[in-house]
Amino acid sequence: MAVAWEPPAGVGPEASVAFHPVARPYGRAQQSVAGRRAAAEALALAGSADRIVPREADGRPRFPLGFAGSISHTERRAVAVVVPGAEAVGVDIESAAVSPRMAAFVLAEHERRTLLAPAGGYTARDLFTAKEAAFKAMNGHGGLGEFMFWRIQLRRSGDALLASYRGEPVPVWVRSETELSFAVAIRRRTVRRVHPAEPVSAEPLAFEWGKKQ
């Protein structure tokens, strides 16, 4: 399976992303292996000499010091993103449809009204994916405590989305195709705490796009 995808608009050279196909029979073990291989490739693209990504006790991947990263997968495809120097990175990739009932639960009324078509250009799966990616970038941040991913609020910020929870903002870039939604959230080490209604510009980033057969 060839893996080639254009990155989300506005994303630039310090971040590296790699995809890897999941081998048959597409189970959890094969998904985990594909995710680690994608992570190793993304680390190589980012310039890390250490390309092994073990699991923390809670199951989260542990990337080398100085190379913040994240892994996600569907049944058939795994992706990893690495951003040197970032505090945290979240990536999510989804192929399953999001039902209207699930969308009503996960998305706030203002998100459905302003971000979903026809008012906005996002699908319910795009926004679900964006919240998952933002949650990974925010999860473990000491000041936020424990929370569920759907508590994150989304709003438009230029060509990206801005995710926020308890006043902590994280920019999220979304790329969507017919069968896949892909989102990346990056938390910097010097994020300014803002009111959720205050506009924040998303800092441009870039990807080197890895390909696998």
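Keep in mind the model is a prediction, meaning the values are calculated, not measured. (Residues numbered from 1 in each chain as written. Predicted model: local features only at pLDDT ≥ 70, side-chain atom pairs only at ≥ 80, totals over all residues. Heavy atoms only, no water.)

## A word on the environment of Ala38
Stated formally: Under the scheme used here, helices are H or I runs from DSSP no shorter than 4 residues and strands are E runs no shorter than 2 residues, and both carry numbers assigned from the N terminus. Contacts between residues were defined by any pair of non-hydrogen atoms, one from each residue, lying within 4.5 Å.
Here Ala38 shows up in helix α1 (residues 28–46). Ala38 has contacts with Ala18, Phe19, His20, Ala78, Val79 and Ala80, leaving out every residue within four places of it along the chain.

## Focus on the nonpolar core
Basically, it comes down to this: Definition used in this section: a nonpolar core is a set of buried Ala, Val, Leu, Ile, Met, Phe, Trp, Tyr and Cys residues joined via side-chain atoms within 4.5 Å. Accessibility here uses a 1.4 Å probe with only protein chains present; expressed as a share of the type maximum, an area under 20% marks a residue as buried, one over 50% as exposed, and anything in between as partly exposed.
Core analysis: the largest hydrophobic core is formed by 29 residues, its most contacted members being Leu127, Met138, Ile152, Leu154, Leu161 and Val172. At the level of elements, α2 (100–106), α4 (124–138), β6 (160–165), β7 (168–176) and β8 (181–187) are the ones that each hand at least two residues to this core. Broken down by element, this core gets its largest block of residues, nine residues, from α4. In contact with Val172, not counting residues within four places along its chain, are Ala130, Ala134, Ala160, Leu161, Ala163, Ala183, Val184 and Ala185. The next biggest cluster of nonpolar side chains, apart from the first, holds 17 residues, and it includes Val91, Ile93, Phe182 and Val184.

## What to know about the confidence of the model for the protein chain
Just so we agree on the cut-off: Per-residue confidence from the predictor is reported as pLDDT, which spans 0 to 100.
Scored by pLDDT, the protein chain has a mean of 85; 82% of the residues are at 70 or more. The weakest mean pLDDT in the protein chain belongs to strand β9 (residues 205–209) at 38; the strongest belongs to helix α3 (residues 109–115) at 97. Taken together, the stretch residues 191–213 has pLDDT below 50 and engages in 82 contacts with residues farther than four places along the chain or on a different chain.

## Comments concerning the sheet that holds strand β5 (residues 153–157)
For clarity, the threshold we go by: One bridge is not enough; two strands pair if DSSP finds at least two bridges between them. Axis angles are defined between N-to-C directions and span 0 to 180 degrees, where every axis is a line fitted to C-alpha atoms and, for a helix, only to the segment in contact.
If you trace the five strands from one edge of the open sheet to the other, you get β4-β8-β7-β6-β5, paired in antiparallel fashion. Pairing within the sheet leaves two strands with one partner each, and these edge strands are β4 (88–94) and β5. Strand-to-strand twist in this sheet, taken as the mean axis angle between neighbours without regard to direction, amounts to 25°. In terms of strand pairing, β4 meets β8 through seven bridges, oriented antiparallel. Looking at β8, one finds that Glu94 is bridged to Ser181.

## Concerning the pairing of β4
The buried count for β4 comes to seven of seven residues, which makes it a mostly enclosed element. Alternating residues of β4 divide into Ala88, Gly90, Asp92 and Glu94 and Val89, Val91 and Ile93, and every residue in both groups is buried.

## A short note on the pattern of salt bridges
The test is simple: By definition here, a salt bridge exists when the distance from a side-chain nitrogen of Lys or Arg to a carboxyl oxygen of Asp or Glu is within 4 Å.
Per the counting criterion, the structure on display carries seven salt bridges. Note that Arg62 is salt-bridged to Glu56, the shortest N-O span being 3.7 Å. On the basis of relative accessibility, which here comes to 41%, the residue Arg62 falls in the partly exposed class. A relative accessible area of 34% means that Glu56 is categorised as partly exposed.

## Overview of the environment of His20
Examined against the element boundaries, His20 turns out to sit in strand β1 (residues 11–21). Residue classification places His20 among the buried positions, given a relative accessible area of 12%. On a C-alpha basis, the gap between His20 and Ala80 in space is 8.7 Å, while along the polypeptide they are 60 residues apart.

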